[in-house]
Every structure is written in structure tokens, then in C-alpha cells.
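Residue-level structure breakdown
Spelled out, the chains give:
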Amino acid sequence: MRHTGLDGGLGTTPPVPGSPTSLLLFFLLFLGLPVLLFALVTWQVAVHGPLARADERLSGELVHRDGFSVFLADLGNVTVAVPVLAVALGYVAVRARRAGTDHWWTPSVAAGVLMALVPALVVPLKELIDRPGPPIMGGGTGYYPSGHTATASIAYGGAVLVLWPWLRGRRTRGPVVLVCVALNLGVALGLVRSGYHWPLDVVASWCLCAVLLLSLRLFLGRSHRRRSASPAVRAP
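Nothing here was measured: the structure is a model prediction, and the numbers come from that model. (Residues numbered from 1 in each chain as written. Predicted model: local features only at pLDDT ≥ 70, side-chain atom pairs only at ≥ 80, totals over all residues. Heavy atoms only, no water.)

1. What about the overall build of the protein?
Helices and strands together make up the secondary structure of the protein, namely eight helices and zero strands. Along its sequence from the N terminus, the protein presents helices and strands in the succession α-α-α-α-α-α-α-α. Taking all contacts inside the protein whose residues are at least 6 apart in sequence as the whole, residues at least 24 apart take part in 75%. For the protein, the exposed surface amounts to about 12,400 Å²; the carbon and sulfur share of it is 70%. (Helix = DSSP H or I, 4+ residues; strand = E, 2+ residues; numbered from the N terminus. Contact = heavy atoms within 4.5 Å. Areas by Shrake-Rupley, 256 points an atom, 1.4 Å probe, with all protein chains shown as cover.)

Below, the structure written as C-alpha cells:
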């Protein structure tokens with residue numbers, strides 16, 4: 001007899017589709033795609049290749065700074081995105097602790113550490129690539145990849161990942177995912193329209209954050225399975 005997992009888990013115990021091995025292969029496959037795209041974009045920007053030149057032409061057509069574009073770009077500020085993540089992490093930690101979940105602090109700590117890694121990864125890349133900014137920024141370098149995009153992606157995406165097991169049904173999960181996607185698209189649009197970043201700066205950050213968020217999802221999934229296997233754990 002197979003036993004179903006907790007809500008938000010992987011379902012039946014292995015060996016079945018969705019087992020740890022198949023899930024790991026799935027994530028490794030999808031981790032490779034953003035890694036390859038990030039490598040391609042970084043190479044083109046570093047050597048100022050055809051893709052980078054096309055990116056600059058596209059930016060010239062898209063830049064139209066206005067109040068709404070600046071507002072959207074500001075949604076990627078640390079002072080906006082990180083508090084949203086902090087509220088989600090605190091909520092999840094409290095819920096898990098009240099439910100008596102073993103290692104209730106693990107998801108919140110993991111997502112918090114991932115958020116702290118963003119500047120540690122982005123800042124060295126900015127210094128290494130040393131890409132000049134769009135003309136509207138009046139000179140300066142260090143625009144690749146976009147720090148605002150990375151902050152928004154990890155903060156809003158990480159919040160969704162840690163909240164996921166506590167969201168019940170499609171009526172709750174669907175809107176939460178849509179809000180996350182809308183926020184990240186809004187930040188990207190605002191950055192490009194305001195001339196704060198070239199489009200490829202945003203694309204590169206998305207690729208980098210896709211790897212980080214998929215890694216977090218894999219870690220949370222493995223942690224959830226370990227807790228589910230423990231006889232002491234109680235379902236939330």
C-alpha cells in the first residue's frame with residue numbers, strides 16, 4: 001500500500017513518477033538551460049558582440065522614462081522586496097512551529113540565506129564585466145547583471161516557494177504565482193523603460209536567479225521529504 005505525502009509534497013512514495021531521482025534529473029535538465037543562456041549572454045556582453053549591439057539598439061527604442069516606469073523599477077529595491085520576503089519567512093516559521101513541524105525553521109533560513117547571497121554573486125559580476133549603462137544614465141559602469149532584477153526575483157520567488165506548502169488549492173496558489181510573475185515583469189519593464197538597465201542585464205539576472213530558485217526548490221523538496229518520513233512530524 002502506498003502512502004500519500006503531505007499537501008504540497010511529491011505524492012506517493014517511490015518508486016513512482018515524481019520520485020526523488022526523477023525530480024533531481026528534471027531539475028538538473030532545467031538548471032542547464034538558464035546556465036547556458038547566462039553564459040551566452042555574458043560572453044556577448046563581455047566582447048560587445050552582435051547580441052549586445054542588438055540589445056543596445058533595442059534599448060534605445062524602448063527607453064521612455066516616466067513616473068509609472070520608475071515606480072515599477074522601484075519594486076526591485078531592497079527596501080521594498082526584502083521586507084516582503086521577510087514577512088513571508090516569518091509567517092511560514094510561525095505556522096510551522098505552531099504545527100509542531102520538525103526543523104520548522106529550515107525553509108525560512110534557506111530562503112534568507114539565498115537572499116543574502118544575491119549581492120555576493122551580483123557585485124563581483126558587475127565589477128568583472130564592467131558594462132557601461134544606457135546613455136540616459138550619464139556614464140558609469142557596472143550595470144551587468146541587474147541587481148534590482150535579482151533582488152526582486154529572489155525575494156518574490158523565494159516567498160512563493162516557502163509559502164507553497166501552506167497554500168491550499170489552485171484558488172490560492174494560482175493568484176500568488178500570478179502576483180509574483182507580475183511583480184517581476186513589472187520590475188523588468190520599469191528598469192528597461194526608465195533606462196536604468198539594458199534588456200540583457202535583466203535577462204542575465206533572470207537566468208542567474210532561475211538557477212538559485214530551482215536549487216532552493218530542490219532543497220526544500222528534499223527537506224520536506226525527510227520531515228514527512230519522520231514519525232514525529234505532524235501535518236500542517
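2. Side note on unusual backbone geometry
Following tyrosine 144, the chain continues to proline 145 via a peptide bond in cis, the omega torsion being -5°. Structurally, the position occupied by proline 145 is in the loop between α5 (106-129) and α6 (147-163). Unlike most non-glycine residues, histidine 48 shows phi in positive territory, near 55°. Following the sequence through the fold, histidine 48 ends up in the loop between α1 (20-47) and α2 (50-62). Judged by its relative accessible area of 38%, histidine 48 is partly exposed. Phi angles above zero are rare outside glycine, and histidine 103 is one such case at about 50°. As for its position among the elements, histidine 103 is in the loop between α4 (78-98) and α5. (Buried < 20%, exposed > 50% of the residue type's maximum accessible area, 1.4 Å probe, protein only.)

3. Here's the deal with the pattern of salt bridges
Evaluation of the coordinates by the stated rule reveals three salt bridges. A salt bridge links aspartate 201 to arginine 131; the shortest N-O distance between them is 2.8 Å. On the criterion of sequence distance, the pair formed by aspartate 201 in helix α8 (residues 199-229) and arginine 131 in the loop between α5 and α6 is long-range, its members being 70 residues apart. By relative accessible area, aspartate 201 is classed as buried at 0%. Residues participating in the shared-partner salt-bridge network are Asp55, Glu56, Arg131 and Asp201. (Salt bridge = Lys/Arg side-chain N within 4 Å of Asp/Glu carboxyl O.)

4. Topic: the state of the cysteines
Per the counting criterion, the structure on display carries zero disulfides. For cysteine 209, which is in no disulfide, the shortest distance to another cysteine sulfur is to cysteine 207 and amounts to 9.5 Å. Note on cysteine 209: relative accessible area 2%, which makes it buried. (Disulfide = S-S within 2.5 Å.)

5. Side note on α2
Across its 13 residues, α2 extends 18 Å between first and last C-alpha, which sits within 8% of the 18 Å expected from 1.5 Å per residue. The complete set of buried residues in α2 reads Ala52, Asp55 and Ser59. Projection of α2 onto a plane perpendicular to its axis shows the buried side chains occupying an angular sector of 50°, all on one side. Along α2, exposed side chains directed more than 90 degrees from the buried face belong to Pro50, Arg57, Gly60 and Glu61. (Expected span 1.5 Å × (residues − 1). Arc of directions from axis to C-beta.)

6. Looking at the layout of surface pockets
Approximately 510 Å³ is the volume attributed to the largest pocket. The wall of the largest pocket is formed by 17 residues, among which Gly157, Cys180, Val181, Ala210 and Leu213 lie closest to the centre. Counting only elements with at least two residues in the lining of the largest pocket, the list comes to α6, α7 (170-193) and α8. In terms of residue count, α8 provides more of the lining of the largest pocket than any other element does, six residues in total. (1 Å grid on protein atoms, 1.4 Å probe; cavity = no way out; pocket = protein on both sides within 12 Å on 5 of 7 lines; lining within 4 Å. Points joined across faces, edges and corners; volume = space filled by probe spheres on them.)

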